[in-house]
Every structure is written in structure tokens, then in C-alpha cells.
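# Coordinates in review
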Amino acid sequence: MPNKKQPMSKSKSHIILWVYSVLMAVLVLSLLSVTTSPVFSNSYTNDSSVYQLLGKYWAKGFLPYVDIWEQKGPFIFFVNAIGYLMTGDRIGVFVIQVVFWAVSTFLTYKTSRLSFAVTPSLLLTTIIIIVAASALQGGDMTEEFVLPFIIASIWLVYRWLARVEKTDEIDHPASYAFVYGLVLGSSAMSRLTNALGICGVVFVIVLILVRRGKWTNLCHNALAYVGGVAVVVLPFVCYFAFHGALGDMLYGTFVFPLSYAAGSENHLNELPVLKGFLLTFFWCYGLLLVALMNLFLKPMRLRSLVWLGASLPLMIWFVQSNGYGHYSLLSAPYMIVIIMELKEAMKCAKFKWIYRGVVIVIALVFAIKFSLTLAGCCELKERPMQDEAAFAQLAKRISTDIMPQTLAGYNVSPNFYLKYDIKPYYKMISEQDRLSQYDKNLRNEIVHTYANGNAPIVVLSLLNERTKAPNALFVKEDLKNNYDSVAVIDEMFIIFKHK
């Protein structure tokens, strides 16, 4: 009698799954994270360039917010600093991205296995990770480094829901709450709004525990949740407090971003912006729609409330913030939730034709997003800095006029500093006109610094990098007291030299 094929051991299957996860991460990042990928050598985006500059000089001993300023939390700078410490260039950042995306891939598969067999789970995971990566917008974004914690939270929420639905035992494991706390902690130290979805889930879980009178369990969870936040936040707080820069860190991480958000304009009344928004953030309002539909199915009411808690805060934020494309990475993990919820709903829904219609729409969106992502991957196109020729002229001219590798730019793209290995002389490195609109004190500090500072060279960018409209140049007249204009480059830059 022939031997039956033995099932694969659990350890061996996990090794294969990790190999698959790493290969998926390397593939999507190599093709879509153009600012860090070894496949591309001349690609830059403003956000990634700022993060890399902060990381590069933090690794050299400079202090974020004091020596170089940016309106994000220190977690994203720390990731880039570790990357530059590893390799001395952006490839180190790429390696760290691979780790985070591999973990995200692994956890997406583990979540899908709660509802699907091995082959469908692998297929779904592959499609979801590729579609999610389409939101990278050049890569090295804050959302990437929160993603594993969000997906881990979704996986744990499903495990809790499965137990509740099976046994009606509502107690929530405190260890799960610790992971939810990691989401808030890592988001607080990068961009606070990254945690909105999971914070909404936590709020619903709290309400459920309160309604059932599970006060002891709620206290245990609260302590674990705070512990998860503290594990991420306290090291940064202690570090900056030790260096006398805690106030600077808190201003750049929380205070200024609130002013920035309050002063931002919404353009969703413009048709092109609205059309892009509808496709980009489909997973968020798709989850909202599915959760609302499932509220009418008694067996699914509890989980529907949980996923409503995830979708509503995200939806409100995306609408209010005007939704940059990379924000959609925050809703990408909920793709698997939508699919799993629809599968369960089909088992107990009375009007199955409605759900079939929703499945068809979601399948079409998946196909469109997947096709667009594959098309982008096949282009293998560099993303050079805008006005590259003018910046090359500027770099050539200043190399003979100043001390090597330092200048004070005003509205000068951060891509310029990174590409030409130039250390910014003052902490405000780019978009000074735009950022100073949101805080009068910041504007006064910028004007005072440039008018009374001792930078050997100041370079003013005459045109807005994105709109090509003339910049306000708040400091132009103040510079004349201590600086002489020595050159104009391609009608885009004025070079001032200290008297």
C-alpha cells in the first residue's frame, strides 16, 4: 500500500511563508519605492528626502528639530537614521522597509487564513499587498512603518470576535490591547492620525466591555494599552528630554501639525480631486458600506459595530484632510476585512443578490487598482527632482563660492540637499513660505534667522516647486542688510553671499 503524503510541518510551513513574505516585500518595494529602491538611482520625493536628511544627520550626531526641523514625529526619522547607520545611504532604509513590509505580508496571510484556505489566502495576500503598495507615492512614508501594527491588531480583533461569537465570552485579552497601544504609540511618534482606525476599534471594544460590566477586564486592558503606547513613546521622550529638546520635539510632532491641519483647505468640491479621492480611498468607504449593511444581520451585528468604529474616523479624516494618496495605506489593511465580512454575510443574508452586487463592484475596483499598479511596476521609470537642470546649475555655481557642503536655502527643495550631499545651514530647510502661514511665531523666527544669521550663502527659490507661482519670499528685503546678491540661476534662484 503506497505511503500517503505527509502534511507539511508547522515550522516548515512558517519558514516557507516568511520566504514568500520577504520576496513579496522585496518585489513591491524594488519597483514602487523609487526613493529607496536599488533599482532606481535618480528618484526623489520631498517627503522621503526630508526623512532621509533627518535620518542621515541624526546618524551623524545632529539633533532632529534643533538642527533640522520637520513637522513629523521622530519615529520616521529614527527608521531612516538606523538605515543610514547600517549602509551610509538610502539602501539601509530600503532594508528596513523590507522588514516592515514582510511582517505586513505575513500578518495579512495569517488574517486571511482565519476565513480562507491556503491557496485563496496566498492569492488574496499577493493581490492586497501589491494594491496596498500602489499608495507608496515614492516610498519611505510614515504609514509603512505603522502598517504591521495595524494588521496585527486586525488579526487579533478577529481572533477575539471568533471566540465571542463561539462562546459568548466577552472578556478581551489584555495582550491584544498592548498591540493596539503599539499602533497609537508608533503613530503618535510619526503622525498621530495614522492610528485613527484602530483607535475607533478600541473605542467600540471599550463600549462593549462597559455595557457588559466587565470593569476588571477593562482595567487590565487599559493598563496594557497604555503600556503599548509607552513602549514606543517613552524612549523618544527620554532621549529628547535628556538633550534639552523635548519642547522642540513636541512642537514638531503635535503642536505645529494641529495648526497645519486646522489651516489646510479642502478641494473635494473640484471634480478631478473628487474622482481621485473616490478611487484612492475606496477601501475606507467600502468598509463603511459593508459594515452598515451587515448591521441588519443579527449574527454579524457585533463585528459590524467594530468595523464601523474603524471606518468612520478614517473616513472623516480623509475628507477633512483632503487625503493625500499615501494616506490610503491606512485603509489598505481593511481590504481583507471587507472580503472576509462579505464572505460571512453571504452565509446568512436574506437578499443575497445585494451582496453579490457589492462583491462585483469590489472585484472591479480590485481589478482596476491591481492593473494600475502592475502598469506602474512595468514602467520602471525614474522620478527625478523637478527642475533638475536648474538645480544642477545651482550646485555647480555654489561649489566654488562657499565652504564645502553647506548653505541656507529658502523654499529650496529638500531633494537638492539630499542629491548633492549638502548640509542645511539652518534648521528650516524647505517650504518656509508655506509653513510660516500656519504659525506667526514660526514665521517671525524664520525671518529673524535669515535676516540676522551668519550663513555664508543663502539661496532663495523664486518659484513654487509645485505650482510655479512666484514665492512670497518673506525674507528677501531683510537679507539686504547683511547679504549681497551675487547671481541669478535660470530665473529660478537668487544666490546671496554674506557681506
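Note that the structure is a prediction, hence the values are computed from the model and not measured. (Residues numbered from 1 in each chain as written. Predicted model: local features only at pLDDT ≥ 70, side-chain atom pairs only at ≥ 80, totals over all residues. Heavy atoms only, no water.)

## Describing the nonpolar core
With 165 residues, the main nonpolar core has Trp-101, Tyr-180, Trp-307, Tyr-334 and Phe-416 as its most contacted residues. It is helix α6 (residues 147–167) that contributes the most residues to this core, 12 residues altogether. Filtering out sequence-adjacent residues up to four positions away, Trp-101 remains in contact with Ala-25, Leu-29, Ile-129, Ala-132, Ala-133, Leu-136, Glu-144, Leu-147 and Leu-329. (Core = buried A, V, L, I, M, F, W, Y, C linked by side-chain atoms within 4.5 Å. Buried < 20%, exposed > 50% of the residue type's maximum accessible area, 1.4 Å probe, protein only. Helix = DSSP H or I, 4+ residues; strand = E, 2+ residues; numbered from the N terminus. Contact = heavy atoms within 4.5 Å.)

## Description of unusual backbone geometry
Despite not being glycine, Gln-137 has its phi angle at roughly 50 degrees, a positive value. As for its placement among the helices and strands, Gln-137 is situated in the loop between α5 (118–133) and α6. Positive phi, close to 65 degrees, is recorded for Asp-168, a residue that is not glycine.

## A short note on the pairing of strand β4 (residues 483–489)
In terms of strand pairing, β4 meets strand β5 (residues 493–498) through six bridges, oriented antiparallel. The residue of β5 that forms the bridge with Ser-485 is Phe-496. (Pairing = 2+ DSSP bridges.)

## Overview of the packing of helix α3 (residues 74–87) against helix α4 (residues 91–112)
In the contact formed by α3 and α4, the axes pass within 6 Å of each other and the chain directions differ by 120 degrees. The pairing of α3 with α4 is recorded here as oblique in orientation. Our pair here, α3 against α4, has a crossing hand that is right-handed. In this structure, α3 contributes Phe-75, Val-79, Asn-80, Ile-82, Gly-83, Tyr-84, Met-86 and Thr-87 to the contact, and α4 contributes Ile-91, Gly-92, Val-93, Val-95, Ile-96 and Phe-100. (Axes fitted to C-alpha atoms, helices over the stretch in contact; angles between N-to-C directions. Parallel < 35°, antiparallel > 145°, perpendicular 65-115°, else oblique. Left-handed = near helix turned anticlockwise from the far one by under 90°.)

## Let's talk about the sheet that holds strand β1 (residues 406–410)
Strand order in the open sheet formed by five strands is β2-β1-β3-β5-β4, and the pairing between neighbours is mixed. Edge strands, defined here as strands with exactly one partner in the open sheet, are β2 (423–424) and β4. In the packing of helix α19 (residues 440–452) onto the sheet, contacts are made with β1, β3 (457–461) and β4, and the angle to β1 comes to roughly 135 degrees.

## Considerations on the pattern of salt bridges
Scanning all chains against the criterion turns up 12 salt bridges. With its nearest N and O atoms 2.7 Å apart, the salt bridge here joins Glu-143 to Arg-191. Highlighted residues: Glu-143 in the loop between α5 and α6 and Arg-191 in the loop between α7 (174–188) and α8 (196–211), separated in sequence by 48 residues. This pair shows no difference in class: Glu-143 is buried, exactly as Arg-191 is. For Lys-427, the salt bridge identified is with Glu-445, shortest N-O distance 3.2 Å. On the criterion of sequence distance, the pair formed by Lys-427 in the loop between β2 and α18 (432–436) and Glu-445 in helix α19 is long-range, its members being 18 residues apart. Residues joined by salt bridges that share partners form a network here, namely Glu-165, Arg-303 and Glu-341. (Salt bridge = Lys/Arg side-chain N within 4 Å of Asp/Glu carboxyl O.)

## Here we look at the environment of Phe-366
Here Phe-366 lies in helix α15 (residues 352–379). Given the relative accessible area of 11%, Phe-366 is considered buried. Taking the C-alpha atoms as reference points, Phe-366 and Val-95, separated by 271 residues in sequence, lie 28 Å from one another. Other than its neighbours up to four places away in sequence, Phe-366 contacts Ile-127, Ile-128, Val-131, Trp-283, Met-335 and Ile-339.

## A few points about the packing of helix α12 (residues 282–294) against helix α14 (residues 334–348)
Contact geometry of α12 with α14 gives a least axis separation of 9 Å together with a crossing angle of 25 degrees. The angle between α12 and α14 falls in the class roughly parallel. Viewed along their axes, α12 and α14 form a crossing whose handedness is left-handed. In this structure, α12 contributes Trp-283, Gly-286, Leu-287, Val-290 and Asn-294 to the contact, and α14 contributes Tyr-334, Met-335, Val-337, Ile-338, Glu-341, Leu-342 and Ala-345. Its residues placed into classes, the contact of α12 with α14 shows nine nonpolar, two polar and one charged. (Nonpolar A, V, L, I, M, F, W, Y, C, P; charged D, E, K, R; others polar.)

## Considering a nonpolar patch on the surface
A surface patch of nonpolar side chains, amounting to about 430 Å² of accessible area, comprises Phe-78, Ile-82, Leu-85, Met-86 and Val-95. Here the nonpolar patch gets four residues from one element, more than from any other, and that element is α3. Relative to the helices and strands, Phe-78 is located in helix α3. By relative accessible area, which is 36% here, Phe-78 ends up partly exposed. (Patch = residues over 30% accessible without salt bridge, like charges linked within 9 Å, V, L, I, M, F, W, Y side chains within 5 Å. Areas by Shrake-Rupley, 256 points an atom, 1.4 Å probe, with all protein chains shown as cover.)

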